[in-house]
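Working through the structure, step by step
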Amino acid sequence: MLDQLCPMHLVLDRTGHITHVGPTLAKLRPDTVLLERRFLEVFELRRPRAIVGMTELVAQAGTKLHLRFRDPPTTDLKGILVLPGDAEGGAVVNLSFGISVVDAVRDYALTSADFAATDLTIEMLYLVEAKSAAMEASRKLNLRLQGAKIAAEEQAFTDTLTGLKNRRAMDHVLARAVEARARFALMHLDLDFFKAVNDTMGHAAGDHVLQQVARVMVEETRSDDTVARVGGDEFMLLLTGKLTRQVLERISARLIERLEEPIPFGAQTCNISASIGVVLSTAYDDIPDVARLQEDADIALYASKHKGRACFTFYDPALRAAAFEAGALGSQDTAHR
């Protein structure tokens, strides 16, 4: 009867030796003979402590016992000792896994047949399994949502034609550089004669030119620089680090040189060039906001256009005054073309 109702029980005689072992408890130690061994030799009583013999153990009848096997695996167990009226000094100890049941089921390959029919352990294990499955499904869903979010954000910051960053991305990166008071250079590059390519050879040729221009600019910059297409044929480059005017002059000249190389398109050839305006963050006592930096780079670009195109110009406050006098400030977008 006890084997069915309490499959993890032990019967002890008056000396504390094991005289009967429940079927599930026996399954936990299939290679160990438990019968005739002293209870306190098999189990370590962790609470209450200072129990060294059967007399002290019997005195704890009705008290929750915290114990574990002395030999590995040292599974933690809970138990209670009762004194049957006809035990002649013996006792019955019923054990359970408590909160360690999940580990025990895994370690000992237990099934529902190893627990009493009315034991709620199996229902609890089903709930744990269901919760684990739900959490795993939730984790996978969160990963998919996170991936979709990253992809959407990436798409929102990417120019679909060239694969470069777009104006929104450049505004974001530039704002972070200003906030961090980093050292950087901002280049505003506008293509010369691009409108002629579109008008004479069609938009397909124009798209091809823009893609080749994007490739050149990526090749001429470092991985931690930012290259963005901010308009039809306008680009901005944010170059980070300690860049001198001499280095920026070489970069600008190299960009112009490469962009002047003829671009094949089918049986035809596209010819463009580039004008560049350059702003150095170190040129200011206090780095201005994003709008002012972009405006100053635009002013420098306008000066390059005014000088005859296919050249670069560094921003200087005098250029702003000249742009005002010429009535060009705020209308550079039309002047570029």
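As a starting point, this report considers the structure included with it. All values derive from a computational prediction rather than experimental measurement. (Residues numbered from 1 in each chain as written. Predicted model: local features only at pLDDT ≥ 70, side-chain atom pairs only at ≥ 80, totals over all residues. Heavy atoms only, no water.)

**A short note on the pattern of salt bridges**
Where charged atoms from two side chains of opposite charge approach closely, those side chains can pair. Applying the stated criterion across every chain yields a total of 20 salt bridges. In this structure, D192 engages K305 in a salt bridge whose closest nitrogen and oxygen atoms are separated by 2.6 Å. One end of the pair, D192, is in strand β7 (residues 184–192); the other, K305, is in helix α11 (residues 290–306), with 113 residues separating them in the sequence. Here D192 matches K305 in class, with each residue buried. D199 is the salt-bridge partner of K195, the closest N and O atoms lying 2.8 Å from each other. Taken together, the residues K195 and D199, both in helix α8 (residues 194–201) and four residues apart, mark about one turn of the helix. Looking at K195, the relative accessible area reads 48%, which means it is partly exposed. Its relative accessible area of 54% is what places D199 among the exposed residues. Several salt bridges converge on common partners, so that one network encompasses R215, E219, E220, R254, E257 and R258. (Salt bridge = Lys/Arg side-chain N within 4 Å of Asp/Glu carboxyl O. Helix = DSSP H or I, 4+ residues; strand = E, 2+ residues; numbered from the N terminus. Buried < 20%, exposed > 50% of the residue type's maximum accessible area, 1.4 Å probe, protein only.)

**Structural notes on the sheet that holds strand β4 (residues 64–69)**
Paired through their backbone hydrogen bonds, the strands of a sheet run either parallel or antiparallel. Taking strand neighbours across the sheet as the criterion, the six strands line up as β2-β1-β6-β5-β4-β3 in an open arrangement whose pairing is antiparallel. Two strands close off the open sheet at either side, each with one partner strand: β2 (18–21) and β3 (43–47). Strand after strand, the sheet turns through a mean of 30° between neighbouring axes, direction not considered. (Pairing = 2+ DSSP bridges. Axes fitted to C-alpha atoms, helices over the stretch in contact; angles between N-to-C directions.)

**Let's talk about the pairing of strand β8 (residues 226–229)**
Burial along β8 is two-sided: the face carrying T226 and A228 and the face carrying V227 and R229 are both buried. Pairing geometry for β8 and strand β9 (residues 234–240), over four bridges, is antiparallel. Among the inter-strand pairings, T226 is bridged to a residue of β9, identified as L238. In sequence, β8 turns back onto β9 through a hairpin of four residues.

Purely geometric numbers; function is a separate question.
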